[in-house]
Amino acid sequence: MRDEKKPNKMKSEKPQQLSPFHGKKKKEDVLLTLSEREREVFEELVKEVGDWSIYFYGSKFVSYLILAELVRSGWRKYD
């Protein structure tokens, strides 16, 4: 019988942050990264998504980071 040592169990490391805004961030933090025009669009999108999340899920859930990325990539509401 060989005297084998069990491999050391490494502590799980925190996942690498995806962006400076990974995790809970307030709306104000994200607004600072947007231009004036993008802020207007962002506010419209936040209201729209908030209303729909209440309709479908019964509570308001808005990911400001995701919405800001949508606005930066050119999202605009069609009238």
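Everything discussed here concerns the structure shown above.
Scoring rules and cut-offs
- Residues numbered from 1 in each chain as written.
- Predicted model: local features only at pLDDT ≥ 70, side-chain atom pairs only at ≥ 80, totals over all residues.
- Heavy atoms only, no water.
- Helix = DSSP H or I, 4+ residues; strand = E, 2+ residues; numbered from the N terminus.
- Expected span 1.5 Å × (residues − 1).
- Buried < 20%, exposed > 50% of the residue type's maximum accessible area, 1.4 Å probe, protein only.
- Contact = heavy atoms within 4.5 Å.
- Axes fitted to C-alpha atoms, helices over the stretch in contact; angles between N-to-C directions.
- Parallel < 35°, antiparallel > 145°, perpendicular 65-115°, else oblique.
- Left-handed = near helix turned anticlockwise from the far one by under 90°.
- Nonpolar A, V, L, I, M, F, W, Y, C, P; charged D, E, K, R; others polar.

Q: Looking at this model, I keep getting lost on helix α2 (residues 36-57). Mind explaining?
A: Every α-helix winds through 3.6 residues per turn, so residues three or four apart in the chain are directed the same way. Taking 1.5 Å per residue, 22 residues should reach 32 Å; α2 reaches 31 Å between its end C-alpha atoms and fits that length. When we look at burial in α2, the residues that qualify are E38, V41, F42, L45, V46, G50 and S53. On its buried face, α2 is in contact with α1 (27-31) and α3 (64-72).

Q: Can you help me understand the packing of α2 against α3 in this one?
A: Closest axis-to-axis distance for the α2/α3 pair is 10 Å, and the angle between their directions is 130°. Here α2 lies oblique to α3, going by the angle between them. The two elements α2 and α3 meet at a crossing, and its hand is right-handed. Where α2 abuts α3, its residues E38, V41, F42, L45, V46 and V49 lie against Y64, L67, A68, L70, V71 and R72. Taken together, the residues of the contact of α2 with α3 break down into ten nonpolar, no polar and two charged.

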